[in-house]
Amino acid sequence: MTTNNDPLVSTEWLAAHLKDANVKLLDATFKLPGVLPLPRDDYLAAHIPGAVYFDVDAVSDHSDPLPHMFPSAEQFGRDVGGLGISNGDTVVIYDSGGWVAAPRVWWMFLSYGHRDVRILNGGLKKWRAEGRPVESGEAKAMPGAFKASYDAKRVRSIEQMIANVASRTEQVIDARAADRFEGRAAEPRAGIRSGHIPGALNLPYNNLFDAATGTMKPLDDLRKAFTGAGVDTAKPIVTSCGSGVSAAVLTLALYRLGVENTALYDGSWSEWGKADGPAIATGPA
């Protein structure tokens with residue numbers, strides 16, 4: 001439906017297509033554990049008209065003790081169908097404007113075989129700043145039919161990540177803040193060690209968007225950010241973070257730069273940083 005391969009769409013584009021029958025809007029607002037109000041409560045208070053709430057914790061593998069791990073293709077298809085989405089739809093995802101979870105949900109759709117998926121640049125923050133309409137309460141969706149097929153190449157397991165520490169085949173870029181990456185700050189999840197995967201590079205995800213407007217930075221600025229972090233965009237890349245959510249902001253920025261074949265470490269630091277996890281490193285990259 002959109003005219004180019006850029007996964008971002010503007011607020012102007014969304015306003016023009018908001019009532020299109022096959023444009024399905026998802027609010028993927030997400031917060032770290034313990035942060036109130038809960039993201040679902042934020043959604044119920046105000047969301048873009050017609051948006052259905054996508055709960056990152058709900059659409060996940062509930063048999064895995066790690067937070068919001070990728071579910072089976074069968075579950076993803078069932079859950080997404082329940083949100084009113086079918087394979088022929090254009091899916092547009094947004095979050096509050098802090099780029100926390102919309103890229104994660106976008107990458108999930110790509111990983112389960114759905115190519116027609118976009119992210120609202122600036123999210124709810126930009127939408128509201130422009131005086132565009134919002135509504136409250138729960139948007140009801142007619143169930144859709146969504147058949148998912150999982151592309152394992154887009155996701156990495158801890159076994160693959162451990163092997164990569166030895167081989168250094170793929171560059172690992174960690175999206176967490178520098179003090180967490182370097183081991184100077186405690187992790188927000190209890191029982192998790194501080195530090196990073198040996199050999200990883202650090203590019204905090206919030207360096208890639210403009211906090212004032214909520215929009216992603218221009219392509220030249222994104223390119224400079226990766227270069228400044230020591231990343232060679234011509235070589236294989238895996239993104240990582242605290243629990244596999246904000247890593248996708250790096251994934252999205254790379255995709256916009258034409259680097260589309262990256263992978264995301266789903267368990268991220270919630271898995272690697274466990275007390276009995278693999279060896280860790282501290283200090284700058």
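What this report covers is the structure whose coordinates are included nearby. Quick caveat: nothing in here was measured; it's all calculated off a predicted structure.

**Points about the pattern of salt bridges**
Piece 1. Overall, the coordinates contain 17 salt bridges when judged by the stated rule.
Piece 2. As a salt-bridge pair, E130 and K126 come within 2.5 Å of each other at their nearest N and O atoms.
Piece 3. One network of salt bridges, in which partners are shared, links E12, K126, E130 and R132.

**Focus: unusual backbone geometry**
With the exception of glycine, the majority of residues adopt a negative phi angle, and the majority of peptide bonds are in the trans configuration.
Piece 1. Look at the link from L36 to P37: it is a cis peptide, with omega at -5 degrees.
Piece 2. For R168, which is not a glycine, the phi torsion comes out positive at approximately 55 degrees.
Piece 3. Mapped onto the elements, R168 comes out in the loop between α6 (158-167) and β7 (171-174).
Piece 4. If you check the backbone angles, S268 has positive phi at about 45 degrees while not being a glycine.
Piece 5. Its place among the elements puts S268 in helix α10 (residues 268-272).
Piece 6. Since its relative accessible area comes to 0%, S268 is described here as buried.

**A few points about the pairing of strand β4 (residues 90-94)**
On any regular strand, side chains alternate: one points to one face of the sheet, the next to the other face.
Piece 1. Burial within β4 is extensive, with five of its five residues counted as buried.
Piece 2. Across the two faces of β4 the burial is the same, with T90, V92 and Y94 and V91 and I93 all buried.
Piece 3. Strand direction decides the pairing type here: strand β2 (residues 23-27) and β4, joined by five bridges, are parallel. Each bridged residue has a counterpart across the sheet, and for L25 the counterpart in β4 is V92.
Piece 4. In this structure, β4 lies alongside strand β5 (residues 117-120), joined through three bridges in parallel fashion. Opposite V92, over in β5, you have R118 as the bridge partner.
Piece 5. A crossover links β4 with its parallel partner β5, the connecting element being helix α4 (residues 102-111), and its sense is right-handed.

Definitions and limits used
- Residues numbered from 1 in each chain as written.
- Predicted model: local features only at pLDDT ≥ 70, side-chain atom pairs only at ≥ 80, totals over all residues.
- Heavy atoms only, no water.
- Salt bridge = Lys/Arg side-chain N within 4 Å of Asp/Glu carboxyl O.
- Helix = DSSP H or I, 4+ residues; strand = E, 2+ residues; numbered from the N terminus.
- Buried < 20%, exposed > 50% of the residue type's maximum accessible area, 1.4 Å probe, protein only.
- Pairing = 2+ DSSP bridges.
- Right-handed = clockwise from strand over helix to strand, strands pointing away.

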